[in-house]
Amino acid sequence: SSQSSGSSGINAEYGEIGQLNMLIGNIERLPSPELEEQAIKSLREKLGLFKMRYLEYLSKEGGYAGRCVERLDYLQDYIDETDTKAENVWRKKRLNRVLVDYFLRNSNYDTAIQLVKSAGIEGEVDMEPFLAGREIEKSLAAHNTAPCLKWCNENRSRLKKTKVNLEFKLHAQNFIERIKVEDYSGAIQYAQKHLIDTGEDPERLQETMVLLAFKPDTECEKYKKMFSDDRWEELVLEFRRTNFELHHLHSDSLLSTLLQSGLSVIKTHQCYSSERSGDCPVCNEPLNTLASSLPFSHCTQSRLICRISGEVMNEHNHPLMLPNGHVYGERALTEMMEREGVIVCPGTEEVFWLDQCKKVYVM
């Protein structure tokens, strides 16, 4: 987000410098001292405004550079740390960053702000894009599009690069609100002024204009949804998605991405069979349901794990098969035999003896 705002600021500065150079060149060609004096006065005012904006951009860029230094130091701390306690502190800070991102994306702004302050991670979290949209989301929830339309106007050049015409949807909602109160002439005038030249697809525009022929209590499902107040909630979500795209933020939270990645890595076909392990997170609810749509882990080298002890079964801990076909580690079965005098299969609760087991060889 800092990179996009910084580059747009630099482009604006170059444009203003070009205009100032043109004004300076024109002063020398003015026919009278009075006109020169007026031009110099105008130039002085423009230079003052340019200086203010330049200092503002300079301050922002300094803040962005400071954050980069903080984040590089944060990464360097992980590379340098050899102490377990210090590493746990680093991991705790990382978890806090992930939670702050999740809270901000779900509009839990106060919780996010409190966590940032208590954890001391102000320089490691980008809160501005979220907090800047906070008031706009509130206004949309209160059925007021003015702040959001102002935001669209301020970011018009950047919004052209997105695929969503948020401004049209806002104007369309204002158009619909006029129809709801049966102000048809006002709705038509508003459409002529704000909807016709928005660059929206003609079919979508026609679909919106057809609402003039319907009452808000229509039973036609398609247009009934367009009159519904649920559209305001959709506008809040649409603005949030557009704001994320404008600041190059991913639509999914970091917490969601990490959770899905972690579950997919340890997810196997056994997690959805009758032979589930009590020690496997994916084998147990609610993670089993959450991981149902995720891909299974891709294992190029498999390892046999004893269900009883959780130890790897290899040449030092041979896999032994009971008469019922269940396989466990030699160490676990030997310890069970010494402790209880018999072997009780954890899967079927059948009773066996150690001399009934057979070694399993994996090719």
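In this text, all values refer to a predicted model and were calculated from it rather than measured experimentally.

A. Structural detail: the packing of aromatic side chains. Enumeration according to the criterion identifies five aromatic pairs in this entry. A ring pair is formed by Trp 151 and Phe 239, whose centres lie 4.9 Å apart and whose planes are at 80 degrees; its orientation type is edge-to-face. One end of the pair, Trp 151, is in helix 7 (residues 146-154); the other, Phe 239, is in helix 13 (residues 230-246), with 88 residues separating them in the sequence. On the accessibility criterion, Phe 239 (1% relative accessible area) is buried. For the pair Phe 214 and Tyr 223, a centre-to-centre distance of 4.5 Å together with 25 degrees between the ring planes defines the contact as stacked. Judged by relative accessible area, Phe 214 falls into the partly exposed class, the value being 22%. For the cation-ring pair, Arg 105 lies above Phe 244, with the distance from its terminal atom to the ring centre recorded as 4.9 Å.

B. Spatial organisation of the pattern of salt bridges. All told, the structure shown has 13 salt bridges when counted by the stated rule. Among the ionic pairs, Arg 105 bridges to Asp 101, the shortest N-O distance being 3.1 Å. Placement of the pair is Arg 105 and Asp 101 together in helix 3 (residues 84-105), with a separation of four residues, close to one helical turn. Two residues, Glu 137 and Arg 240, come together in a salt bridge whose shortest N-O distance is 3.0 Å. Of the two residues, Glu 137 sits in helix 6 (residues 134-141) while Arg 240 sits in helix 13, which places them 103 residues apart along the sequence. Comparing Glu 137 with Arg 240, the two get one shared label, buried. Taken together, the shared-partner salt bridges in this structure form one network comprising Lys 169, Glu 238 and Arg 241.

C. Broad picture of a nonpolar patch on the surface. A contiguous nonpolar patch, built from Tyr 54, Leu 55 and Leu 58 and spanning about 290 Å² of accessible area, is present on the exposed surface. With respect to the helices and strands, Tyr 54 occurs in helix 2 (residues 33-80).

D. A look at the environment of Leu 249. Mapping Leu 249 onto the fold places it in the loop between helix 13 and helix 14 (254-266). When its relative accessible area of 24% is taken as the criterion, Leu 249 is described as partly exposed. Those residues within four positions of Leu 249 in sequence are excluded, and the remaining contacts are Arg 105, Pro 129, Phe 130 and Phe 244.

E. Inspection of the state of the cysteines at higher detail. Taken as a whole, this structure holds zero disulfides when the rule is applied. With no disulfide of its own, Cys 148 lies 4.6 Å from the sulfur of Cys 152, the closest cysteine sulfur. Looking at Cys 148, the relative accessible area reads 0%, which means it is buried. We note that Cys 345 lacks a disulfide partner, and the nearest cysteine sulfur, in Cys 357, lies 9.9 Å from it. The buried category is assigned to Cys 345, whose relative accessible area is 1%.

Thresholds, definitions, all that
- Residues numbered from 1 in each chain as written.
- Predicted model: local features only at pLDDT ≥ 70, side-chain atom pairs only at ≥ 80, totals over all residues.
- Heavy atoms only, no water.
- Phe/Tyr/Trp six-rings, centres within 6.5 Å; stacked < 30°, edge-to-face > 60°.
- Helix = DSSP H or I, 4+ residues; strand = E, 2+ residues; numbered from the N terminus.
- Buried < 20%, exposed > 50% of the residue type's maximum accessible area, 1.4 Å probe, protein only.
- Lys NZ or Arg CZ within 6 Å of the ring centre and 35° of its normal.
- Salt bridge = Lys/Arg side-chain N within 4 Å of Asp/Glu carboxyl O.
- Patch = residues over 30% accessible without salt bridge, like charges linked within 9 Å, V, L, I, M, F, W, Y side chains within 5 Å.
- Areas by Shrake-Rupley, 256 points an atom, 1.4 Å probe, with all protein chains shown as cover.
- Contact = heavy atoms within 4.5 Å.
- Disulfide = S-S within 2.5 Å.

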